[in-house]
Amino acid sequence: MKILHLDANHPLLIKQLNALGCTNDEDFSSSKEAIKKIIHQYDGFIIRSRFKIDASFIDAAENLKFIGRVGAGLENIDCEYAEQKGIKLIAAPEGNRNAVGEHSLAMLLSLFNKLNKADNEVREGKWQREANRGLELDGKIVGLIGYGNMGKAFSKKLRGFDVEVLCYDLKPNVGNDNATQVSLKELQEKVDVLSLHTPETPLTIDMVNSTFINDFKKSFWLINTARGKSVVTKDLVSALESGKILGAGLDVLEYEKSSFENLFTSDMPEAFKYLISAENVILTPHVAGWTIESKEKLAQTIVDKIKVEFY
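Counting restarts for each chain: residues are numbered from 1 in the order of the written sequence. In keeping with the model being predicted, local features are shown solely for residues with a pLDDT of at least 70 and side-chain atom pairs are shown and tallied solely at 80 or more, while totals for entire chains, interfaces and linings include all residues. In computing side-chain values, all of the structure's heavy atoms are included and hydrogens and water are not.

Aromatic pairing here means that ring centres of Phe, Tyr or Trp (its six-membered ring) are within 6.5 Å. Orientation follows from the plane angle: under 30 degrees is stacked, over 60 is edge-to-face, and everything else is tilted. Evaluated as defined, the whole model comprises 7 aromatic pairs. When the ring of phenylalanine 112 is compared with that of tryptophan 221, the centres are 5.0 Å apart and the planes differ by 55°; the resulting orientation is tilted. Taken as a pair, phenylalanine 112 in helix H5 (residues 93-112) and tryptophan 221 in strand E10 (residues 220-224) lie far apart in primary sequence, 109 residues in all. Across the pair, tryptophan 221 and phenylalanine 112 agree in class, each one buried. Pairwise contacts between aromatic rings join Phe45, Phe51 and Phe57 into one cluster. Taking NZ or CZ as reference, lysine 2 lies 5.0 Å from the ring centre of tyrosine 42, over its face. Secondary structure is summarised from DSSP: a helix means a run of H or I of at least four residues, a strand means a run of E of at least two, and numbering begins at the N terminus for each. The classification of residues rests on relative accessible area computed with a 1.4 Å probe and restricted to protein chains. Under 20% of the type maximum is buried, over 50% is exposed, and intermediate values are partly exposed. Think of it as a cone above the ring: NZ of Lys or CZ of Arg counts as a charge over the ring if it is within 6 Å of the ring centre and within 35 degrees of the ring normal.

So, in C-alpha cells, the structure goes:
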C-alpha cells in the first residue's frame, strides 16, 4: 500500500509500515488544496488534526482504503461520508487513555490542594498557610460524563481513593467495577466533581451551559480533558463567579482552532481574561494525552490496527 503522512508522528509508525512493505510519503507543509490534487495516488493517509477531511477531499481520494488518525477522536473527518465510500476509519484512543486519566487526576488534586496558587505565592515570598488549606478527595462523589476509553482510564486512577464514582453515557451497560452507571439526573443530584470524557458531536457542543450547570444540586468542581466546545466559557465564568462551580481544570478551550495547534488569533475574549486571572482555574494547552509514552503508544496502535485490517 502507498500511504501519505500529513503530520509528524513517532518514527516507529513509518519504520514499521516500511517493514510491512508499504510505501510511505510525507508532506507536512503543503496546503489542503495541494494535497487534494495528489491524494488519488494513495491507498491511505495518516493525519492528526492538520485540516478537516470533508466530502470533497474524500471524493478526490479515489483509491483510498483507510484514514488513520493519530489521536482519540474523529471529529475532523466526515466519518459518515467516508464510511459510505467504504473507507476504513482508524483512530487510537487506546494510545493516550492512560495519559488522559493521569492528567485528569493531576488537575483535580492540584485544584483541591491549591498547588498552583501556593507555588506562585511562595515564589513571591508569601507564606500563607491558612489561605492554602486544601481539601481531601476521600469521601467525595466523582461523576464522569462519557465512559469510553478516557472515562474508564480516569475511574481506574481513582481506585486508590475512598471515593464513589458515577458515570453517565449514552450507551447502555458500560459501567464496571470502577464506576456505577446512572442517569444524568442522578449524576447531577449527587456529584462533587464532574469530569468530561466525551467526543465532539452535535450533542456535546455547548453541553455545559448555564441550564446544565444549574441542574446540579450541589456546587461542584469541573475537569475537562475532552473537547473545548463542550463548555460555554461565558457560562462557566458566571458559575465560577457565583460559586456554583468551585474551580475548573481545563485542558481544552472553546477558543481552540480545529487543528488544536493554536488558540484564538483575534482579540482575547473577556471570558478568557477571567479564566487566566482566576486562582481556582488551572489551564493546560490540550496536552492531557500528550506524553512521551502516549506518542509512541498512539503510533503503535495505528500500526497494529492497519496490520489487523490489511495484512
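Only strands joined by at least two bridges in the DSSP assignment are considered to pair. Strand order in the open sheet formed by 7 strands is E8-E7-E6-E9-E10-E11-E12, and the pairing between neighbours is parallel. Of all strands in the sheet, those bounded by a partner on one side alone are strand E8 (180-181) and strand E12 (281-283). Two strands pair when backbone bridges link them, and strand E11 (residues 245-250) and E12 are joined in this way by 3 bridges, in the parallel orientation. Across the sheet, residue glycine 249 finds its bridge partner in E12, namely isoleucine 282.

On to the pattern of salt bridges, then. Close approach of charged atoms allows side chains of opposite charge to pair. Just to be clear on terms, a salt bridge is a Lys or Arg side-chain nitrogen sitting within 4 Å of an Asp or Glu carboxyl oxygen. According to the stated counting rule, one finds 16 salt bridges in the structure shown. Among the ionic pairs, glutamate 309 bridges to lysine 88, the shortest N-O distance being 3.7 Å. Here glutamate 309 is found in helix H12 (residues 292-310), whereas its partner lysine 88 is found in strand E5 (residues 88-90), with 221 residues between them in sequence. Of the residues examined, lysine 88 reaches a relative accessible area of 36% and is grouped as partly exposed. Its salt-bridge partner being lysine 126, residue glutamate 124 comes within 3.3 Å of it at the nearest N-O pair. You can call glutamate 124 exposed: its relative accessible area is 55%.

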